[in-house]
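Here is how the chains run, residue by residue.
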Amino acid sequence: MVRWELYSGTPDSAGAKLLQCLESTRFHQTENGGWLPVEGRTTNYHDGYTQFKDIRVDVNSVSVDRADIPDALFHLEYPEHTILSNTIRRDSRVRP
């Protein structure tokens, strides 16, 4: 992801405000050919002020070797009585 924006409503609607933006500025190619963002900035827009957080990833800490990735990272435990649902939402402006 190069850029991600969060708005208070539909971005092109009247009165929608940009609340947060994440911009990736540097990428690293992994051993298996994938690309990861390793530098960027998150910007939060509040009433009257703006907050920045710079993000940097140590590329030496990234591994794509299956042996280095514990299965526990992919196992989710849900509390008792949790209800899961899967919904595909379609933008009302998009026509088939």
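Preceding this section is the structure that the text describes.
Note that the coordinates shown come from a computational prediction; the quantities given were computed from them, not determined experimentally.

Novice: Any chance you could break down the environment of Gly40 for me, citing the residues and the numbers?
Specialist: The topology assignment puts Gly40 in strand S3 (residues 35-46). A residue is classified by how much of its surface remains accessible, and Gly40, at 10% relative accessible area, is buried.

Novice: Describe the pattern of salt bridges, with residues and values.
Specialist: Side chains that differ in sign of charge can pair as their charged atoms come close. Scanning all chains against the criterion turns up 5 salt bridges. Where Glu39 meets Arg26, a salt bridge forms, and the shortest distance between an N and an O atom there is 3.3 Å. Placement of Glu39 in strand S3 and of Arg26 in strand S2 (residues 18-29) is noted, with a sequence separation of 13 residues between them. Looking at Glu39, the relative accessible area reads 26%, which means it is partly exposed. Here Asp54 and Arg41 are joined by a salt bridge, their closest N and O atoms 2.8 Å apart. Separated by 13 residues along the polypeptide, Asp54 in strand S4 (residues 49-56) and Arg41 in strand S3 bring together distant segments of the chain. You can call Arg41 partly exposed: its relative accessible area is 33%. Bridged by salt links that share partners, the residues Arg3, Glu5 and Glu23 form one connected network.

Novice: Any chance you could break down the pairing of S2 for me, citing the residues and the numbers?
Specialist: Direction of pairing for strand S1 (residues 3-7) relative to S2: antiparallel, over a ladder of 5 bridges. By the bridge assignment for S2, Trp4 is matched with Leu22. Of the pairings in the sheet, the one linking S2 to S3 comprises 9 bridges and is antiparallel in character. Paired with Gln20 across the bridge in S3 is Asn44. Once S2 ends, the chain turns through 5 residues before running back antiparallel as S3, passing Gly33 with a positive phi of about 95 degrees.

Novice: If you had to explain a nonpolar patch on the surface to someone new, which residues and values would you point to?
Specialist: A grouping of Met1, Trp4, Leu6 and Leu19 is seen on the molecular surface, where their side chains present a nonpolar patch of about 360 Å² in accessible area. By the secondary structure assignment, Leu6 is in strand S1. The class of Leu6 is partly exposed, set by a relative accessible area of 36%.

Cut-off values and rules
Residues numbered from 1 in each chain as written. Predicted model: local features only at pLDDT ≥ 70, side-chain atom pairs only at ≥ 80, totals over all residues. Heavy atoms only, no water. Helix = DSSP H or I, 4+ residues; strand = E, 2+ residues; numbered from the N terminus. Buried < 20%, exposed > 50% of the residue type's maximum accessible area, 1.4 Å probe, protein only. Salt bridge = Lys/Arg side-chain N within 4 Å of Asp/Glu carboxyl O. Pairing = 2+ DSSP bridges. Patch = residues over 30% accessible without salt bridge, like charges linked within 9 Å, V, L, I, M, F, W, Y side chains within 5 Å. Areas by Shrake-Rupley, 256 points an atom, 1.4 Å probe, with all protein chains shown as cover.

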